[in-house]
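Per-entry structural report
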Amino acid sequence: MFWHCQMTVLSQLSRSAGRFSNRETFMKKTLIALATSVAVLVSGAAQAASHGKTKVCFVYIGPTGDFGWTYQHDEGRKAIEKEFGDKVETAFLEKVPESAEAQRPIENFARNGCNLIFTTSFNYMDPTNKAAAKYPDVKFEHATGYKRAENVSTYSARFYEGRAVQGTIAGHMTESNIVGYIGSYPIPEVIRGINSAYIHAKKVNPDVEFKIVWAFTWFDPAKEADAAKVLIEQGADVILQHTDSTAPQAAAQAAGNVVTFGQASDMAEYAPFPRVSSIIDDWAPYYIARTKAVMDGTWTSVDTWDGIGPGMVGIGEITDAVPAEVKAEALALKDAMASGEYHPFTGPLKKQDGSDFLAEGEIADDGTLAGMNFYVEGIEGSIPE
């Protein structure tokens, strides 16, 4: 048995409040939604508290049915329930905006019996830490952030490893030599992915060109579909995405001979074509381990950044639409990264402006990768401010 509260009043909220042209209207709508959720949470928490179970709670940026980022986090939540059965209860809030108002639902979770709270988007960072300061006995886990405290851990995945595999396939499969990339927001996580995909596409196809469209949303099917259509009109016959819905897959399918890759989850409904492979975020083992640590009293604040080797980043099935030799090359790259034999950011590499980035054989350190705010040499266009 589990209890949950869904914020459905704001049906089109994304990871950023910036979508709203009228901030006052946004705040009013947010407060209405939060007030509704509070009433449900209090009732649910009171019931849960009577069971004496470990309560694990999640704050989501998108809907659980996005079949991307939030969907995969929710699969991790379900894995906790399956692993621990009646020893745990879980709760979630979906479509919580990335603004100061996120602090309220996080605090409501802490106030109403949650022992462990996962906040699953970058701009929940400050609200999470402010809530944690008020509730030192509650454990918090923040995805993709970097601010920690005694009761706040951070965790993320090395998605750029998966982008290296995608770039390799993309470079081989493009016939127009134009690869389109749908970016969400120009943060280091997304920029790393673009650079990694480009580096590896360029290795196998020196003539490849990347065209990038910034959607400025994590989840907005209409915007994502429009971005895909723009890229296809510009000649892209391969499209990668760092947004959460399957809309780009549908746009590519409608266009015909356009290759795509699943983002965050397998998006296998579009396989074997146009979706020829995917990056899969597998949060379940981490969520189970951190829940167990709370249950047995061994939880401590840590920073986790895992990739293909530990299994946090998975590569979805590479379909038969990909030539056998290309598939073999991509899987060999995956294995080399998993074993630590190869790092996607290995020199020689230059920055977009021609200045040196990495010398021959030099590997980028985690600090540089975590703060990456530049394109590598060969990518055209500028990163939005």
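Keep in mind it's a predicted model, so treat the numbers as computed, not measured. Along each chain, numbering runs from 1 in the same order as the chain's sequence is written. Given that this is a predicted model, residues contribute local features only at a pLDDT of at least 70 and side-chain atom pairs are listed and counted only at 80 or more, while totals for whole chains, interfaces and linings are drawn from all residues. As a convention, hydrogens and water are excluded, and side-chain values are obtained from all of the structure's heavy atoms.

**Overview of the sheet that holds strand 4 (residues 139-143)**
Rules: Strands are treated as partners if at least two bridges between them are detected by DSSP. Secondary structure elements follow DSSP: runs of H or I of four or more residues count as helices, runs of E of two or more count as strands, with numbering from the N terminus. Working convention: axes come from line fits to C-alpha atoms, limited for helices to the stretch in contact. Angles between N-to-C directions cover 0 to 180 degrees.
Read from one edge to the other, the open sheet built from six strands follows the order 2-1-3-4-5-11, with strand pairing classed as parallel. In this open sheet, the two strands that pair with only one neighbour each are strand 2 (88-93) and strand 11 (303-306). The mean angle between the axes of side-by-side strands here comes to 15°, regardless of whether they run parallel or antiparallel. The pairing of strand 5 (residues 152-157) with strand 11 spans four bridges and is classified as parallel. Directly across from Tyr 155, in strand 11, lies its bridge partner Thr 304.

**Points about the packing of helix 5 (residues 159-173) against helix 6 (residues 188-204)**
To characterise two packed helices, one gives the angle between the axes of the helices and the distance between these axes. Applied cut-off: For any pair of crossing helices, the crossing counts as left-handed if the nearer helix is rotated counterclockwise from the farther one by less than a right angle, and right-handed if it is rotated clockwise. Two residues qualify as a contact provided that any one of their heavy atoms is within 4.5 Å of a heavy atom in the partner residue. Residues are grouped as follows: nonpolar covers Ala, Val, Leu, Ile, Met, Phe, Trp, Tyr, Cys and Pro; charged covers Asp, Glu, Lys and Arg; every other residue, Gly included, is treated as polar.
Orientation of helix 5 relative to helix 6, taken along the N-to-C sense of each, is 35°, at an axis distance of 7 Å. For the crossing formed where helix 5 meets helix 6, the hand is right-handed. For the pair helix 5 and helix 6, contact is made by Phe 159, Tyr 160, Arg 163, Ala 164, Gly 167, Thr 168, Gly 171 and His 172 and by Glu 189, Arg 192, Gly 193, Ser 196, Ala 197, His 200, Ala 201 and Val 204, respectively. When grouped by side-chain class, the residues that make up the contact of helix 5 with helix 6 number six nonpolar, seven polar and three charged.

**Quick notes on the sheet that holds strand 12 (residues 313-315)**
Spatially, the six strands line up as an open sheet ordered 7-6-8-9-10-12, and their pairing is mixed. With partners counted over all chains shown, the strands left at the sheet margins are strand 7 (209-214) and strand 12, one partner each. With strand direction ignored, the average angle separating the axes of adjacent strands in the sheet is 20°. Pairing analysis gives two bridges linking strand 8 (residues 238-241) to strand 9 (residues 259-262), with the strands arranged parallel.

**Points about the nonpolar core**
Proteins that are soluble and globular tend to have nonpolar side chains buried together. Inclusion rule: In this text, buried Ala, Val, Leu, Ile, Met, Phe, Trp, Tyr and Cys residues form a nonpolar core when linked through side-chain atoms within 4.5 Å. When a residue's accessible area, from a 1.4 Å probe over protein chains only, is under 20% of the maximum for its type it is buried; when over 50% it is exposed; and in between it is partly exposed.
Phe 140, Ile 169, Phe 345 and Phe 357 are the most contacted members of the largest nonpolar core, which totals 92 residues. Among the nonpolar cores identified, the runner-up in size contains 12 residues, and Ile 178, Ala 236, Ile 239 and Val 258 belong to it.

**As for the state of the cysteines**
Stated formally: Note that a disulfide, as used here, is simply two cysteine sulfur atoms within 2.5 Å.
Counted according to the given criterion, the structure contains one disulfide. What pairs with Cys 57 in a disulfide is Cys 114, and their sulfur atoms sit 2.0 Å apart. Where Cys 57 bonds to Cys 114 through sulfur, the torsion about that S-S bond is close to -80°, and the disulfide is left-handed. Remark: Cys 114 occurs in the loop between helix 3 (103-111) and strand 3 (116-119) and Cys 57 occurs in strand 1 (residues 54-59); sequence separation between them is 57 residues. On the accessibility criterion, Cys 114 (2% relative accessible area) is buried.

**Overview of the packing of aromatic side chains**
For the record, the criterion: Only the six-membered ring of Trp is used, alongside the rings of Phe and Tyr, when aromatic pairs are assigned; centres must lie within 6.5 Å, and planes under 30 degrees apart are stacked while those over 60 apart are edge-to-face, with the rest tilted.
As enumerated under the stated definition, the model contains 23 aromatic pairs in all. Between the aromatic rings of Tyr 155 and Trp 283, the centroid separation amounts to 5.6 Å while the plane-to-plane angle is 80°, which identifies the pairing as edge-to-face. With Tyr 155 in strand 5 and Trp 283 in the loop between strand 10 (275-281) and helix 9 (284-296), the pair connects residues that are 128 residues apart, well separated along the chain. Like Trp 283, Tyr 155 is buried. Taking 6.4 Å as the distance between ring centres and 80° as the angle between the ring planes, the aromatic pair formed by Phe 159 and Trp 283 counts as edge-to-face. You can see Phe 159 sitting in helix 5 and its partner Trp 283 sitting in the loop between strand 10 and helix 9, a full 124 residues away along the chain. For Phe 159, a relative accessible area of 6% translates into the label buried. Of the residues examined, Trp 283 reaches a relative accessible area of 1% and is grouped as buried. Feature note: the residues Phe 58, Tyr 60, Trp 69, Phe 92, Phe 118, Tyr 155, Phe 159, Trp 283, Tyr 286 and Tyr 287 constitute an aromatic cluster, connected by ring pairs.

**As for helix 10 (residues 324-339)**
Counted only if it meets this: To estimate the expected span of a helix, count its residues, drop one, and scale the result by 1.5 Å. The arc under discussion is defined with respect to the helix axis, by the directions toward the C-beta atoms.
Taking 1.5 Å as the rise per residue, helix 10 with 16 residues should run 22 Å; its terminal C-alpha atoms sit 22 Å apart, in good agreement. What helix 10 keeps buried is the set Val 326, Ala 330, Leu 333, Ala 336 and Met 337. For helix 10, the arc enclosing every buried residue in end-on projection is 120°, short of the 170-degree limit, so these residues lie on one face. Seen from the buried face of helix 10, the exposed residues on the opposite side, beyond 90 degrees, are Ala 324, Glu 325 and Ser 339.

**Overview of the pairing of strand 5**
The element strand 5 is extensively covered by neighbouring structure, given that six of its six residues are classed as buried. Both faces of strand 5 are covered, namely the face carrying Val 152, Thr 154 and Ser 156 and the face carrying Ser 153, Tyr 155 and Ala 157. Across four bridges, the pairing between strand 4 and strand 5 is parallel. The residue bridging Ala 143 from the neighbouring strand is Tyr 155, located in strand 5.

**Points about the confidence of the model for the protein**
Put simply, the test is: One number per residue, pLDDT, summarises how confident the predictor is, and it ranges from 0 to 100.
Overall, the predicted model of the protein reaches an average pLDDT of 90, with 87% of residues at or above 70. Here residues 1-50 scores under 50 on pLDDT; set against residues more than four positions off or in separate chains, the count is 98 contacts.

**Focus on helix 3**
For helix 3, the tally of buried residues reaches seven of nine residues, placing the bulk of the element in the interior. Among the residues of helix 3, those classed as buried are Gln 103, Pro 105, Ile 106, Glu 107, Asn 108, Phe 109 and Ala 110. Of the residues flanking the end of helix 3, it is Gly 113, one or two places downstream, whose phi is positive at about 105°.

**Details of the side chain of Thr 144**
Keep this limit in mind: Pairs of N or O atoms are called polar contacts if they sit within 3.5 Å, as long as, within protein, a hydrogen donor faces a hydrogen acceptor (for residues adjacent in sequence, only side-chain-to-side-chain pairs).
Position of Thr 144 among the secondary structure elements: in the loop between strand 4 and strand 5. Owing to a relative accessible area of 12%, Thr 144 belongs among the buried residues under this scheme. Only 3.3 Å separates the side chain of Thr 144 from the backbone nitrogen of Phe 122, close enough to count as a polar contact. Once residues lying within four places of it in the same chain are set aside, the contact partners of Thr 144 are Trp 69, Ser 121, Phe 122, Tyr 155, Ser 156 and Glu 189.

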